[in-house]
Amino acid sequence: MDSIEDFESIQVLHQYQYGLLISKVMFTASELGVFDLLLESGEPLSSGAIAERLGTSPSGMERLLEACVGLKFLRMERKENRSLYGNSALADLYLAKSSLKSQYNFIKFLSEDMYPSAQYLTDAVRKGTEQLESIYGASSKNYFEVFYRSEESLYRFSKAMDDIWSLCGKEVMSAFDLSNFPLICDVGGAAGTLAKECISLYPNSTAIVFDLPEVVESLKKDPVFSQESWMTFQTGDFFKDPVPEADLYILARILHSWNDEKCIQLLTKLHKACKPGGGVLVVELVLDEDKCGPPEAHLHSMLMLLHSKGKERTSSEYQALFTAAGFKEMQLKKGTLYDALMGRK
Ligand code: SAM
């Protein structure tokens, strides 16, 4: 090795080459229930005890636990010549199913749906189009039709989408002061998880959650579903049906699924429905103007290429969509993960 730069490049090279295995080690431990068992047990356990409780081979489990320690999902201590394993703070907070900030559903969705689809990325890049037919064997117009093909898969998708808001829902909803919008409509708002975060910050407002009929019907059957008095559901297709009247429309992770033409169609509809002084709050992973980052926006854009006609966009690209739809001004507030863009009528 010639220099420190070479050493650093090789480390990055290795880390990225093995990225798929890093994800898979996390997914496997999550799927087998390692993080849940260690949170519930309240004390570190040996690999033999973990294997027995989770019904796996002792040798396979030991190897997995060691890898999890190396990746800092778990910690290991030596006691009386035995290795005992416990969750790291990260696992307790985000990986165990029962944690309030658990990302378990999203991990399951990444593992079962996104991970296998990634093998079609080369085809998607070659052809410049989504690969729904190759991935799912389905000739569907958009990925919602694919994920909503059964109630189980609809449920898995919607639960996966919800997880992120326990981490940054409050942050995105407080990026702008929304207290002057008494009636807020979350368009494509699924079970209303983000709307709940919003109203917890602005208790004088009420919210309408608008989504496809099959989504609302299915999510209402969820035992954990709760509908507060300040929240109503309205069903419809946001391209075909009228949207409810409101002072503010939220579009969280909606525009990135559609091409510019469809985005302008939807934003124009919301601009027309919006009362004067009202607005649209777009929540997305916004690309830097020079498109050199952030990496999570690039990675999501790859998922969008695989699954839709959409993409992640820069702030000026969103500005162009807002302007084409008739909005006078647009402001961006960067967040830790998700960003907020506000267009005013
Ligand atoms: N806004 C939620 C969030 O950020 O957690 C959900 C985002 S999810 C990626 C997109 C949502 O848009 C889904 O709930 C989906 O059912 C809804 N959706 C997709 N097409 C729609 C349509 N044509 N009309 C109404 N809702 C639609």
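Residues numbered from 1 in each chain as written. Predicted model: local features only at pLDDT ≥ 70, side-chain atom pairs only at ≥ 80, totals over all residues. Heavy atoms only, no water.

A. Molecular detail of the site of the ligand. Taken together, 15 residues are adjacent to the ligand, and Tyr148, Gly188, Asp211, Phe238 and Ala252 come closest. Tryptophan 165 is positioned such that a nitrogen or oxygen atom in its side chain is 2.8 Å from an oxygen atom of the ligand. Measuring from a nitrogen atom of the ligand, one finds a backbone N or O atom of phenylalanine 238 at 2.8 Å. Protein contacts shield 96% of the accessible area of the ligand, which totals 590 Å² for the unbound molecule. For the shell around the ligand, a count of residues per class yields ten nonpolar, two polar and three charged. (Near = heavy atom within 4 Å. Polar contact = N/O pair within 3.5 Å; in protein donor to acceptor, adjacent residues only side chain to side chain. Areas by Shrake-Rupley, 256 points an atom, 1.4 Å probe, with all protein chains shown as cover. Nonpolar A, V, L, I, M, F, W, Y, C, P; charged D, E, K, R; others polar.)

B. Seen up close, the UniProt feature "domain: O-methyltransferase C-terminal" (unreviewed entry) in the chain. This chain's UniProt record puts "domain: O-methyltransferase C-terminal" (unreviewed entry) on residues 119–328. From the first C-alpha to the last, residues 119–328 spans 42 Å; its make-up is 44% helix and 16% strand. (UniProt positions renumbered as here; feature names shortened; annotations may be inferred. Helix = DSSP H or I, 4+ residues; strand = E, 2+ residues; numbered from the N terminus.)

C. Quick peek at the packing of helix H12 (residues 165–173) against helix H13 (residues 193–201). For the pair H12 and H13, interaxial distance at closest approach is 9 Å and the crossing angle is 50°. Our classification of the angle between H12 and H13 gives oblique. Crossing angle aside, the handedness with which H12 passes H13 is right-handed. Packed against H12, whose contacting residues are Trp165, Gly169, Lys170, Val172 and Met173, the element H13 presents Thr193, Leu194, Glu197, Cys198, Ser200 and Leu201 at the interface. (Axes fitted to C-alpha atoms, helices over the stretch in contact; angles between N-to-C directions. Parallel < 35°, antiparallel > 145°, perpendicular 65-115°, else oblique. Left-handed = near helix turned anticlockwise from the far one by under 90°. Contact = heavy atoms within 4.5 Å.)

D. Quick look at the pairing of strand E8 (residues 274–284). Extensive coverage of E8 is indicated by the burial of eight of its eleven residues. At this point the chain moves from strand E7 (residues 246–252), through helix H15 (residues 260–273), to the parallel E8, and the crossover so formed is right-handed. Pairing analysis gives six bridges linking E8 to strand E10 (residues 339–344), with the strands arranged antiparallel. The residue of E10 that forms the bridge with leucine 281 is methionine 342. (Buried < 20%, exposed > 50% of the residue type's maximum accessible area, 1.4 Å probe, protein only. Right-handed = clockwise from strand over helix to strand, strands pointing away. Pairing = 2+ DSSP bridges.)

E. Inspection of the sheet that holds E8 at higher detail. With respect to topology, seven strands assemble into an open sheet ordered E6-E5-E4-E7-E8-E10-E9, the strand pairing being mixed. Edge positions in the open sheet fall to strand E6 (231–235) and strand E9 (329–333), since each of these has one partner strand only. In this sheet, adjacent strand axes meet at a mean angle of 20° when their direction is disregarded. As paired elements, strand E5 (residues 206–211) and E6 share five bridges and run parallel to each other.

F. Just the UniProt feature "domain: O-methyltransferase dimerisation" (unreviewed entry) in the chain, in detail. UniProt records the feature "domain: O-methyltransferase dimerisation" (unreviewed entry) for residues 15–96 in the present numbering. Taken as a whole, residues 15–96 contains 65% helix and 17% strand, while its terminal C-alpha atoms sit 25 Å from one another.

G. Spotlight on the nonpolar core. Among the nonpolar cores identified, the biggest contains 49 residues, and Phe238, Tyr249, Leu251, Leu267 and Val280 are the most heavily contacted of them. In this structure, phenylalanine 238 is in contact with Val187, Gly188, Phe210, Val243, Ile254, Trp258, Leu266 and Lys269, ignoring residues within four places of it in sequence. Listed in part, the 23 residues of the second largest apolar core include Ile164, Cys168, Phe181 and Met342. (Core = buried A, V, L, I, M, F, W, Y, C linked by side-chain atoms within 4.5 Å.)

H. Geometry of the side chain of lysine 159. Mapped onto the fold, lysine 159 is located in helix H11 (residues 151–162). For lysine 159, the contacting residues outside a window of four places in its chain are Asn105, Asp222 and Val224.

I. Geometry of the packing of aromatic side chains. In the structure shown here, the tally under the stated rule is 20 aromatic pairs. On the numbers, 5.8 Å between centres and 75° between planes, the contact of tyrosine 143 with phenylalanine 147 is edge-to-face. Here tyrosine 143 and its partner phenylalanine 147 are both found in helix H10 (residues 143–147), four residues apart, which amounts to about one turn of the helix. Of the residues examined, tyrosine 143 reaches a relative accessible area of 7% and is grouped as buried. A network of ring pairs unites the aromatic residues Phe106, Phe109, Tyr136, Tyr143, Phe144, Phe147, Tyr148, Phe157, Phe238, Phe239 and Trp258 as a single cluster. (Phe/Tyr/Trp six-rings, centres within 6.5 Å; stacked < 30°, edge-to-face > 60°.)

J. Up close: unusual backbone geometry. Omega for the peptide link from glycine 293 to proline 294 comes to -10°, which places this bond in the cis form. Its location among the elements puts proline 294 in the loop between E8 and helix H16 (295–307). Look at alanine 190: it is not a glycine, yet its phi comes out positive at around 50°. Within the secondary structure, alanine 190 is located in the loop between strand E4 (183–187) and H13.

K. Quick look at the sheet that holds strand E1 (residues 45–46). Strand order in this open sheet of three strands is E1-E3-E2, and the pairing throughout is antiparallel. Pairing within the sheet leaves two strands with one partner each, and these edge strands are E1 and strand E2 (74–79). With two bridges connecting them, E1 and strand E3 (residues 82–87) associate as antiparallel partners. In the sheet register, serine 46 faces E3, and the bridge partner there is leucine 84. Set on the sheet, helix H5 (residues 58–70) makes contact with E2 and E3; between it and E2 the angle comes to about 110°.

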